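Take a look at the letters that make up each chain.
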Amino acid sequence: MINPQELDLLRDALATLAEGFTDLPDFSTDIDTEAVRDTLELVAEKMRDNYPYFHPLYAGQMLKPPHTIARLAYALSLWINPNNHALDGGRASSAMEKECISALGEMYGWDKPLGHLTGGGTMANLEALWVAGQLHPQKTILASSQAHYTHGRISQVLALPFKAVDVDQYGRMDLDALEDELRGGRVGTVVATLGTPGLGALDPLPDMLALAKRFGVRLHVDAAYGGYFCLATELGARQKAVFQCIDEVDSIVVDPHKHGLQPYGCGCVLFGDTGVGSLYKHGSPYTYFSSADLHLGEISLECSRPGAAAVALWATLKLFPLESGGKFSSWLDDSLIAAQLFRDRMVQTKSFTPLLEPELDIVVYLPRAADSATVSKRSRQIFEAVAARDLHLALADIPVEIVHKNCPAFEPTTATVSCLRSVFMKSEHRDWVERIVRILEQAASGDA
Ligand SMILES: *Cc1c(COP(=O)(O)O)cnc(C)c1O
């Protein structure tokens, strides 16, 4: 729950930070404390108008509360407000960012990759595809039809041709369709999504890698959502095999602000080949690069970036190192187990059926009904009925072919089917599955 006592920790750390600057001549800033208090109270009241994202009964979209350490370290760093563009703007936080990049790279078996933090997965993917376009000018980017919608738009921004590749019944990139596209030529880069935003599916990376090598194209992994799961111990054999070959790809995107316990504004792009750094050369006369050490602004498309994001991530990694079998990975296991439990419980219910076996912690499920229009209508009704009981889910429009292949008994009457979707991102979800199922069943029988 929201615990105001956390602020005692921040007060102590802030005093330690202030001690580092006591030899400067004193000055004070005029602050109208009463006016600040009134405004802050107003903000607190306004912020009540939100779903309770931090609570286990929020089991909807990909929203996970930042860990206390991340929240406090981020807040603490704001009294310095470092800018990780250049060492002049943020010495300590730039060093922390480089350590974070090493740790994230190591998670994928990469020793000292090139990379940096970004505002999020979209900026990180933009950067990876910008590099791809520099190396394969005017060549097509391929991603599956279940990939994040921004890949098409990013390609547009970069003026690169983009094509969506069909998926199979599990929502994974179809290998025959991919091979057909590669045979057609003019492809520069294939995007493999590890954790598709809708279904949480993992594209078949081992086979995609073999194809990418055969046709001489780049392979970029968008693991903005699923990237941390390589640490989990509860993965199935297929999922393990996918993550095991991730070190062979050209670039990886992972979002610490998705599963990495960070506040928003923290994505990450990594390149296995540090040589791509030379593509970023710029000659800005305004940039204040004061030393020969690497300034992160030299290898980033963005200029100013929040050092606070690096500070928060560094503190989180210090407390919870990226170790398989460690505390952090046990939380990912909790999420995997929660999804599996929930899926199994859905099979047992009279009113619902799961669409697929979850590959990660995303479960898509649908009210049992005779045709797709009725499923969509029931999904909406249940979405609203459980919200009235404080349970918050998400709706996902899934292509009817995927639903029909997995649930052949129902009649496809529309192009897409609105299904219910839950992301069990919080480790607490594991203990809340029964309760969530009960609310769903009550809602389904109550308004049947
Ligand atoms: C969330 C997500 C993105 C976009 O990332 P943002 O951080 O929201 O910009 C891209 N790809 C995948 C697979 C995602 O899950």
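Just so we're clear, the structure is a prediction, and the values are computed from it rather than from any experiment.

With respect to the sheet that holds strand S4 (residues 187-193)
If you trace the seven strands from one edge of the open sheet to the other, you get S1-S7-S6-S5-S4-S2-S3, paired in mixed fashion. Edge positions in the sheet fall to strand S1 (114-118) and strand S3 (162-165), since each of these pairs with one other strand and no more. Between one strand axis and the next, the sheet turns through 20° on average, direction left out of account. When strand S2 (residues 140-144) meets S3, the two strands line up parallel, connected through four bridges. Within the sheet, the bridge partner assigned to Ile141 lies in S3 and is Phe162. Against the sheet, helix H6 (residues 150-157) touches S2, S3, S4 and strand S5 (218-222), its axis set at about 165° to S3.

Let's talk about the side chain of His257
With respect to the helices and strands, the residue His257 is situated in the loop between strand S6 (251-254) and strand S7 (267-271). There is a polar contact of 3.1 Å between the side chain of His257 and the backbone nitrogen of Gly265.

Describing the packing of helix H7 (residues 175-183) against helix H8 (residues 205-215)
Close contact between H7 and H8 brings their axes to 11 Å; oriented N to C, the two are set at 10°. In terms of orientation, H7 lies roughly parallel with respect to H8. Contact with H7, carried on its side by Leu175, Leu178, Glu179, Leu182 and Arg183, involves Asp207, Met208, Leu211, Arg214 and Phe215 of H8 and no other residues of that element. Broken down by class, the residue content of the contact of H7 with H8 amounts to six nonpolar, no polar and four charged.

Calculation notes
Residues numbered from 1 in each chain as written. Predicted model: local features only at pLDDT ≥ 70, side-chain atom pairs only at ≥ 80, totals over all residues. Heavy atoms only, no water. Pairing = 2+ DSSP bridges. Helix = DSSP H or I, 4+ residues; strand = E, 2+ residues; numbered from the N terminus. Axes fitted to C-alpha atoms, helices over the stretch in contact; angles between N-to-C directions. Contact = heavy atoms within 4.5 Å. Polar contact = N/O pair within 3.5 Å; in protein donor to acceptor, adjacent residues only side chain to side chain. Parallel < 35°, antiparallel > 145°, perpendicular 65-115°, else oblique. Nonpolar A, V, L, I, M, F, W, Y, C, P; charged D, E, K, R; others polar.

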